[in-house]
Amino acid sequence: MNPLSVPEPDFMQDEEIVLFSDSVAKWIDEHAPPEAVQSWIANSTVPRDLWNKAGEAGLLGLSMPEEEGGMGGDYRHEVVLMRQLGWKGADHFGISLHNAIVAPYIWHYGTEEQKARWLPRLLTGELVGAIAMTEPGAGSDLQGIKTTAIKSGNGYVVNGSKTFITNGQLANFIIVVAKTDPAEGAKGTSLIVVETDGAEGFERGRNLHKIGMEGNDTSELFFNDVKVPGENIIGGAEGLGFIQLMQQLPQERLNIAVQGVAAAERGLHETLEYVKGRKAFGKRILDFQNTQFKLAEVKTKLTVARVFVDHCIGLHLKGQLDAVTASMAKYWVTDIQGETIDEMLQLHGGYGYMNEYPIAQLYKDARVQRIYGGTNEIMKLLIARSL
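Residues numbered from 1 in each chain as written. Predicted model: local features only at pLDDT ≥ 70, side-chain atom pairs only at ≥ 80, totals over all residues. Heavy atoms only, no water.

## Some words on the overall build of the chain
Consideration 1: A count of helices and strands for the chain gives 11 helices and 9 strands.
Consideration 2: Computed over C-alpha atoms, the radius of gyration of the chain comes to 21 Å, within 12% of the 21 Å expected from 2.2 N^0.38 for 387 residues, which places it in the range of a compact globule.
Consideration 3: Counting only C-alpha atoms, the chain reaches 80 × 45 × 40 Å along its principal axes.
Consideration 4: Put simply, the chain has 387 residues, and 54% of those count as buried.
Consideration 5: In the chain, of all internal contacts separated by at least 6 residues, the share reaching a separation of at least 24 is 75%. (Helix = DSSP H or I, 4+ residues; strand = E, 2+ residues; numbered from the N terminus. Rg over C-alpha atoms; globule rule 2.2 N^0.38 Å. Buried < 20%, exposed > 50% of the residue type's maximum accessible area, 1.4 Å probe, protein only. Contact = heavy atoms within 4.5 Å.)

## Side note on helix α9 (residues 323-347)
Consideration 1: Between its first and last C-alpha atoms α9 spans 36 Å; for 25 residues at 1.5 Å apiece the expected length is 36 Å, and the two agree.
Consideration 2: With its phi angle positive at about 60°, Gly349 sits one or two positions after the end of α9. (Expected span 1.5 Å × (residues − 1).)

## Some words on the packing of helix α4 (residues 75-87) against helix α8 (residues 289-317)
Consideration 1: Relative orientation of the contacting elements α4 and α8 amounts to 150°, with a least axis distance of 10 Å. Of the possible angle classes, the one that applies to α4 and α8 is roughly antiparallel. For the pair formed by α4 and α8, the contact residues are Tyr75, Arg76, Val79, Arg83 and Trp87 on the first element and Arg306, Asp310, Ile313, His316 and Leu317 on the second. (Axes fitted to C-alpha atoms, helices over the stretch in contact; angles between N-to-C directions. Parallel < 35°, antiparallel > 145°, perpendicular 65-115°, else oblique.)

## Quick word on the side chain of Lys162
Consideration 1: Relative to the helices and strands, Lys162 resides in strand β3 (residues 155-166).
Consideration 2: Residue classification places Lys162 among the buried positions, given a relative accessible area of 1%.
Consideration 3: Of note is the side chain of Lys162, whose polar atom sits 3.5 Å from the backbone oxygen of Ala132.
Consideration 4: At 2.8 Å, the side chain of Lys162 forms a polar contact with the backbone oxygen of Val177. (Polar contact = N/O pair within 3.5 Å; in protein donor to acceptor, adjacent residues only side chain to side chain.)

## Quick notes on the nonpolar core
Consideration 1: Within the largest apolar cluster, 61 residues are counted, with the highest numbers of intra-cluster contacts made by Trp40, Phe93, Ile95 and Ile192.
Consideration 2: The next biggest cluster of nonpolar side chains, apart from the first, holds 29 residues, and it includes Leu97, Ile101, Trp118 and Leu249. (Core = buried A, V, L, I, M, F, W, Y, C linked by side-chain atoms within 4.5 Å.)

## Quick word on the environment of Leu245
Consideration 1: For Leu245, the location among the structural elements is in helix α7 (residues 241-277).
Consideration 2: Residues Leu245 and Met133 lie 112 residues apart in sequence; the distance between their C-alpha atoms is 9.7 Å.
Consideration 3: Apart from residues lying up to four places away in sequence, Leu245 is in contact with Tyr105, Ile131, Met133, Leu142, Val177 and Leu191.

## Quick notes on the packing of α9 against helix α11 (residues 376-384)
Consideration 1: The interhelical angle for the contact between α9 and α11, taken along N-to-C directions, is 145°, at an axis separation of 9 Å. Remark: the crossing between α9 and α11 carries left-handed chirality. Facing Val324, Ser327, Met328, Lys330, Tyr331, Thr334 and Asp335 of α9, the residues of α11 in contact are Asn376, Met379, Lys380, Leu382 and Ile383. (Left-handed = near helix turned anticlockwise from the far one by under 90°.)

## Some details on empty space enclosed by the protein
Consideration 1: Under the criterion given, the structure shown has 1 cavity of 30 Å³ or more.
Consideration 2: What the largest cavity holds in volume is close to 30 Å³.
Consideration 3: Around the largest cavity, the lining residues are Arg83, Ala257, Val258, Val261, Ala262, Glu265, Arg306 and Val309.
Consideration 4: For the lining of the largest cavity, the elements supplying multiple residues, two or more each, are α7 and α8. (1 Å grid on protein atoms, 1.4 Å probe; cavity = no way out; pocket = protein on both sides within 12 Å on 5 of 7 lines; lining within 4 Å. Points joined across faces, edges and corners; volume = space filled by probe spheres on them.)

## Quick look at unusual backbone geometry
Consideration 1: Despite not being glycine, Asp225 has its phi angle at roughly 55°, a positive value.
Consideration 2: By the element assignment, Asp225 lies in strand β7 (residues 218-229).
Consideration 3: Unusually for a residue other than glycine, Phe281 sits at a positive phi of about 55°.
Consideration 4: Here Phe281 lies in the loop between β8 (279-280) and β9 (283-284).
Consideration 5: Note on Phe281: relative accessible area 82%, which makes it exposed.

## As for the pattern of salt bridges
Consideration 1: Counted by the stated rule, this structure contains 21 salt bridges.
Consideration 2: Between Glu8 and Arg83 there is a salt bridge; the shortest N-O distance is 3.4 Å. Taken as a pair, Glu8 in the segment before α1 (15-31) and Arg83 in helix α4 lie far apart in primary sequence, 75 residues in all.
Consideration 3: Accessibility expressed as a relative area gives 27% for Glu8, which makes it partly exposed.
Consideration 4: Here Lys53 ties to Asp49 by a salt bridge, and the two come within 3.8 Å at their closest N and O atoms. Taken together, the positions of Lys53 and Asp49, both in helix α3 (residues 49-56) and 4 residues apart, correspond to about one turn of that helix.
Consideration 5: Here the salt bridges share partners, and the residues they tie into one network are Glu8, Arg83, Glu265, Arg306 and Asp310. (Salt bridge = Lys/Arg side-chain N within 4 Å of Asp/Glu carboxyl O.)

Structure, rendered in structure tokens:
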């Protein structure tokens, strides 16, 4: 699917990347066809065994180094997976969070013992990853978190609550952002892993009922005197969490931009199919000048977005994507995603408001993009600091 007709940048034209894209597309067709996605939405989660199937297909740990037991790919492979999921409407599967957000904290910052203990199980799907940042009283302001992990003997005792946690109902490997020294603010923040299987005091709250992305489980999590081994502090030392988060957030924000363009591209594909087939007043909807002008605007905006995101991917592959540029991509692309999908829904008329039409789901799913990963208002503050 390439309704924009944007040439792929050179770094995405390697034969291995093209073949991988084809294989991912076939896997999604087999394991996540439209009827399966509808069952995810009905059940507010994907089947647990889908994670194991993804592991068997080599889709977990795509960009994890081979020496760590990973697939030995790079960020391009994550981009391919995110794009194919978006193009095929299977992006409710939280695999990219597992691959491109959770796992990197372990292979970038984990001790050798932590890597050996966790990475192989993340690769097979035995462990499903989540990261617990947001709290009922702290969202984009990570310095305001209240969850604590207090030293007790050779381990830690974790107390607090988290909310809006993607993969929250299924995850059994949760990176918790906690204060190991509440008096030290950001310097007292650490990342600690809670393996939930058999963890006393750990509770899952509601599988939250959302207006979009309904097929992905998003949950409240509660930690009530949860005992965690001392060796579960990522990096093996306290107080490194805030730095680790700041270093990884640019990739998370680029992920959101990649996903935003892919979803909007699918919207354009679906809209073109609709306006070519639907008639009013004796002619196709596409033949009205207003339709042509609106779609010309949509294609132009999405082309600019795609080219900018490709530029950011190129920077990231070279280790040159800074927080400001990533913030620009996240905020601007998600704004454009919402704006263009809204225009495309309008071209569907009343059918665009019906859930059985893909554009309706795309419209609902787009809204959260401007919120998670740091709200777009926070992105603008970060950009403004660079002026």
